[in-house]
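# Residue-level structural notes
Okay, here's what each chain looks like letter by letter:
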Amino acid sequence: MKPLNSVLALGALALVIAGGFHYWPESSEPAAMQAPNSSTPSRAAATPTTEPTQSGDQRVVELAVKYLELYGDTITEPATQARLYNERRNLLARYPDSGDELFQSAITTAFPELADSIFALLAKLDLYNRWLDNHELRLQGLPDLERYAELWQQREAIFGPLASQIWAEEQNPVEAKSDQFQQTLARLDQANQMPLTELAHQLQTTADELYGADLARQLAGSGATGHALFSMDSVQQQLASLPADKRQQAINALRRQIGYSEETVRQLAEEDQRREEKWQKGKAYMAERRALENRLNGDQLEAALTDLRQEHFGFSAPTIEREEDEGFFRFERERRYGLN
């Protein structure tokens, strides 16, 4: 069994408190490797420059290529789009007069069909961060659970169901608030024979008893309870044993049971389908990759792998190649249904 602390840790709570709750995603690594970062500008962005040294058109093309390589594979996901917030911020710091125009042109060039939705999401992040600036001192004075619940209330008020996707990797303090809750999680994590509905019921009941029904409902609505539920090995093993269509029905039913709205269930089911398609494509790629490794080597293997990545991933192939050069194979990660 995996160590529970690796899944149910307090790392993000410390990040929220220490970092002033802001969302400043780091953008110097591929999207699959990224995590939220502090609000300190990068050194490259620290010295303002009035205008780029290259022509505007050349700079736009370079930025568009960069964004395609870094974010193209997962750009349809709200969490990836949110990571562009820091790209825009760094451009504005470096080029105060032209940074915004450069960013908009580069995004429109790289992702023409998604540009409007990206700009709309970044505008909401601007609104969220202004709210944080205006309430930071008051939030710091709140108890952990109240602060967490209020943060998620505001995120949901601004982003709706997308909030749980943008902050999907954030752990929540309710998961580690008490020894009793940890003991319940540990017990349920190993309860492989317990029906899924009963696992969800016991998790929800424990949260209600420990934290009160009102706060537990807020945490369920934020996605915190769902993250805890779908992180459990007992849940994952049962979901993995189901056919794909039955699995999705079970995931939808669990989300309804712990308080997700029908609209949220629908949207998350669509996101699950996109993830499933990517994992299936990844499995096919890895199988073909292993076959090539068994019969080729040297330059022949490298050339064949380049063609294979291009065939499966198109403009995202350079990102996949860079990850593999660094020893990271995204489709060898553990599959967690309802989460990744």
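Computed from a predicted structure; not experimentally measured.

## Some points on the pattern of salt bridges
Using the criterion set out here, one finds 21 salt bridges in the structure. With its nearest N and O atoms 3.2 Å apart, the salt bridge here joins Glu 87 to Lys 66. Here Glu 87 is found in helix 4 (residues 78-94), whereas its partner Lys 66 is found in helix 3 (residues 56-71), with 21 residues between them in sequence. Residue classification places Glu 87 among the buried residues on the basis of a relative accessible area of 3%.

## Side note on the nonpolar core
In terms of nonpolar packing, the biggest core is built from 37 residues, with Tyr 67, Leu 84, Ile 107, Leu 125, Tyr 128, Phe 159 and Trp 167 touching the most fellow members. Looking at this core, the elements with two or more residues in it are helix 3, helix 4, helix 5 (99-110), helix 6 (115-140), helix 7 (144-159) and helix 8 (163-166). For this core, the leading source of residues is helix 6, giving nine residues. Among residues more than four places away in sequence, those in contact with Ile 107 are Tyr 67, Leu 84, Pro 112, Ala 115, Ile 118 and Phe 119. If you look at the next biggest cluster of nonpolar residues, it comprises 25 residues, including Ala 200, Leu 203, Phe 230 and Val 235.

## Structural notes on helix 4
Here helix 4 is 17 residues long and its end C-alpha atoms lie 26 Å apart, about the 24 Å a rise of 1.5 Å per residue gives. Counting buried positions over the 17 residues of helix 4 gives 14, a clear majority of the element.

## Focus on the side chain of Arg 275
With respect to the helices and strands, the residue Arg 275 is situated in helix 15 (residues 262-295). At 3.5 Å, the side chain of Arg 275 forms a polar contact with the backbone oxygen of Leu 339. The residues contacting Arg 275, other than those within four sequence positions of it, are Arg 335, Gly 338, Leu 339 and Asn 340.

## What to know about helix 5
The end-to-end C-alpha separation of helix 5 is 16 Å, in line with the 16 Å expected for 12 residues at 1.5 Å each. Listed in full, the buried residues belonging to helix 5 are Gly 99, Leu 102, Phe 103, Ala 106, Ile 107 and Ala 110. Down the axis of helix 5, the sector holding all buried residues measures 125°, keeping them to one side.

The rules we used
Residues numbered from 1 in each chain as written. Predicted model: local features only at pLDDT ≥ 70, side-chain atom pairs only at ≥ 80, totals over all residues. Heavy atoms only, no water. Salt bridge = Lys/Arg side-chain N within 4 Å of Asp/Glu carboxyl O. Helix = DSSP H or I, 4+ residues; strand = E, 2+ residues; numbered from the N terminus. Buried < 20%, exposed > 50% of the residue type's maximum accessible area, 1.4 Å probe, protein only. Core = buried A, V, L, I, M, F, W, Y, C linked by side-chain atoms within 4.5 Å. Contact = heavy atoms within 4.5 Å. Expected span 1.5 Å × (residues − 1). Polar contact = N/O pair within 3.5 Å; in protein donor to acceptor, adjacent residues only side chain to side chain. Arc of directions from axis to C-beta.

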